[in-house]
Amino acid sequence: MPRPRIRIEDRQRAVKACIPCKSSKKRCDSKTPCSPCVRRSSEQACVYTEGRQKNRRTSHAASQLEEDTTVDNPHRHVQDQINNGPGVEDSGFPASVNDDYAFSNQDGEGVIDANIGSNFGADGYTADPAAGEENSGPRSRLLLNSKGEKVYVGNAAALAFLQFLRQILSKHMGPSHFTENRLGNVMLEAQIPGEGLPDFEEDVEQKGVLVDNFFLASSGILDLYTRSEVYELLTDMDNMNESKGLLYLVFAIGGQCRVSSPLSLNYSQRYFTHGQRIAFEGMLEDPSIRLIHSFLLMAFYLLGACRRNAAFMYLGIAARAAHALGLHDADQYSSLTRSEKSLRLRTWKSLRILDVMTSSILARPSASLSTRPDTAIAKINSDDRTMLKTATNANFEICSIIEEVLQYISQQTTLDSESTQGLLQKLSTWSATNLSPEMRICSVGTSIGSSEHEKVLGNIHTACLYYFTVMLLTRPFLIRYLMSRLSTKSNSGMNIGTNSEPANLSDLAQVSIDVAVYMAQTCQNAMSAGLIIDNMCILKAWIFAAGLVLGFTLFANIEVSSEVENAFTGVRDVLKKLSHQSPQAEHYHDVLSSFSEAIIKRRKQIAQERRRATSQYVDRILVLDVQNDQQQQ
């Protein structure tokens with residue numbers, strides 16, 4: 001039976017939406033200020049733009065999808081729920097604001113398959129934890145992107161772990177807001193409007209602020225330019241051509257990190273659109289360093305704009321261009337001039353770091369994987385950039401270990417403590433070799449300069465990358481340990497290391513908890529010191545993964561210290577700060593908040609079960625109902 005047409009007066013989308021709601025893909029109520037902005041305490045940012053008419057539904061494919069009600073399509077009801085159904089915002093997935101910011105309406109887009117990623121892994125076997133919970137674990141998944149295409153995330157990804165946790169919690173405590181997210185098959189991706197953005201013009205001083213923000217956001221990740229190089233280009237911007245697109249992309253990334261005005265994000269998007277247009281001129285006819293830089297900067301921006309799949313593809317283009325230029329081969333550096341050697345070396349390091357970071361978050365193969373070891377490149381001495389112990393060099397050195405860890409996890413069928421300990425030893429050697437004392441202890445005062453701030457953020461990226469890698473490596477042991485405890489349906493005497501499990505299982509499980517706590521404390525302290533900027537595209541994914549580990553530990557009701565409780569709270573606090581500029585961070589915060597509610601509900605259930613067990617021995621004979629004077633009147 002075809003779905004009935006929805007009258008215009010019955011549609012639940014607002015006629016217009018404010019700029020913050022459009023950017024974060026939240027449902028706006030068109031008020032001034034609107035309800036979402038009031039909840040975020042950002043009433044001053046609630047402004048509206050005028051003049052753009054929505055005409056995307058006039059495409060032939062969209063009209064066909066809307067008008068053809070005679071074809072039996074089993075997915076239409078689900079899509080209708082997403083576009084028009086009540087309570088979408090409460091699902092933990094940001095709702096669409098209007099047609100321009102919803103799933104695209106072209107043919108084949110926005111179709112939700114309820115079977116994708118929910119009960120089956122990529123190998124086709126059931127992921128139901130009821131059968132053999134002790135040996136179960138996260139599985140690779142197929143999710144739906146903004147176009148309705150099925151995209152892959154590996155079993156080490158936080159999204160796969162999240163689905164696993166939802167199944168476990170549903171089995172052990174029943175349905176909850178955390179477990180019943182009906183949009184759990186969808187990969188959150190924000191739309192970047194390319195038209196209708198307001199015109200703007202900023203002076204050199206304002207652009208200098210954007211450049212400073214760029215170096216803060218990319219510290220320890222991208223090492224493409226020095227500050228002096230960018231400032232030199234900035235002063236002669238009107239007379240340049242090829243480098244102007246790169247500067248626009250630098251401004252776009254810097255604009256993501258400021259909240260000076262409600263239109264800041266729109267300015268950032270406008271800069272990105274200009275830079276992207278220049279980068280695509282001539283497309284991929286000839287590989288060049290400038291092309292690699294363009295796609296690296298666009299990928300970095302897209303990660304901050306919650307477009308992970310697009311960023312992943314752009315990194316692939318940059319990697320193929322780098323391989324075409326021979327940046328991966330250490331033998332090719334010997335004949336280069338001093339400046340060319342430095343430029344190529346910095347470009348290859350930046351590509352490797354960002355590519356491996358992104359691939360590890362999504363648990364996908366990296367595009368820059370080389371047949372030659374990274375150590376050969378790392379040993380090349382660049383005359384103007386000596387091989388000091390910096391965050392960039394340390395992050396580059398750990399890339400090959402991360403790829404080895406991801407390959408080991410993807411091929412792992414049984415827990416192998418010996419191989420795991422071998423990889424942990426490699427990470428320990430990396431730490432001792434590449435981290436200087438200044439990188440391990442950072443003293444931060446009440447006021448900090450841009451250069452020092454940049455250095456500290458680079459060290460934070462390095463530390464959290466290490467914690468994230470160790471957590472991925474040891475998380476299977478934590479899952480095995482906690483699942484064996486949950487299967488006993490007994491929550492007493494569950495302190496790690498006090499049972500009959502092999503010692504290395506409990507020890508490695510504790511390692512996973514420890515590094516999650518370390519990451520949470522590092523980010524929480526950085527936020528307290530005012531070091532966390534408004535959009536940190538990689539950090540938000542790392543700390544979300546740590547929050548899932550901490551939440552699972554608390555859910556299992558282990559006798560944990562208050563340190564774990566505080567760390568779980570700290571993760572949510574950091575994500576709440578980042579959510580002001582990032583819809584992805586806001587989604588992560590919503591997920592962990594619902595996880596926290598589920599943990600509280602679980603503990604209440606356990607407390608009630610224990611009371612029922614002791615009720616035959618004791619009665620509660622008095623309940624005091626204290627009322628204040630107003631209630632008595």
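In short, a report on the structure. (Residues numbered from 1 in each chain as written. Predicted model: local features only at pLDDT ≥ 70, side-chain atom pairs only at ≥ 80, totals over all residues. Heavy atoms only, no water.)

Turning our eyes to something else, we now look at a nonpolar patch on the surface. A cluster of nonpolar side chains, namely I621, L622, L624 and V626, defines an oily patch on the protein surface of about 540 Å² accessible area. If you trace the backbone, V626 turns up in the loop between α21 (583-614) and α22 (629-632). (Patch = residues over 30% accessible without salt bridge, like charges linked within 9 Å, V, L, I, M, F, W, Y side chains within 5 Å. Areas by Shrake-Rupley, 256 points an atom, 1.4 Å probe, with all protein chains shown as cover. Salt bridge = Lys/Arg side-chain N within 4 Å of Asp/Glu carboxyl O. Helix = DSSP H or I, 4+ residues; strand = E, 2+ residues; numbered from the N terminus.)

With that out of the way, let us pick up the pattern of salt bridges. Counted according to the given criterion, the structure contains eight salt bridges. With a closest N to O distance of 2.8 Å, E403 and R352 form a salt bridge. Separated by 51 residues along the polypeptide, E403 in helix α14 (residues 391-411) and R352 in helix α12 (residues 338-362) bring together distant segments of the chain. Take E403 and R352: they sit in the same class, and that class is buried. Salt-bridge contacts for K426 lead to E404; the nearest nitrogen and oxygen are separated by 2.9 Å. Of the two residues, K426 is situated in helix α15 (residues 417-434) and E404 in helix α14; the sequence distance between them amounts to 22 residues. A single network of salt bridges, built from pairs that share partners, joins D212, R227 and E454. (Buried < 20%, exposed > 50% of the residue type's maximum accessible area, 1.4 Å probe, protein only.)

Let us look at the state of the cysteines. Inspection of every chain in the model, using the stated rule, returns zero disulfides. Among the cysteines around C537, which has no disulfide bond, C257 carries the closest sulfur, lying 8.3 Å off. Look at C537 and you get buried, because its relative accessible area is 11%. (Disulfide = S-S within 2.5 Å.)

Where burial is concerned, the two faces of strand β2 (residues 150-153) differ: the one with V151 and V153 is buried and the one with K150 and Y152 is not. Pairing of strand β1 (residues 141-144) with β2 involves four bridges; the strand directions are antiparallel. Considered in β2, the bridge of R141 is made with V153. (Pairing = 2+ DSSP bridges.)

Residues of helix α7 (residues 227-235) that are buried: R227, V230 and L234. Viewed along the axis of α7, the buried residues span an arc of 70°, placing them on a single side of the element. Of the residues in α7, the exposed ones pointing more than 90 degrees away from the buried face are S228, E232 and T235. Contacts made by the buried residues of α7 are with α6 (204-217), α8 (244-255) and α17 (450-487). (Arc of directions from axis to C-beta. Contact = heavy atoms within 4.5 Å.)

What follows covers the nonpolar core. Ranked by size, the top nonpolar core spans 158 residues in total, and within it L297, L354, W542 and F595 carry the most contacts. Here this core takes 18 residues from α17, the largest share from any one element. Contacts of L354, omitting those with residues within four sequence positions, involve I221, L222, L296, A299, F300, L303, L315 and I538. Of all hydrophobic cores here, the second largest spans eight residues; its members include A17, C21, C37 and C46. (Core = buried A, V, L, I, M, F, W, Y, C linked by side-chain atoms within 4.5 Å.)

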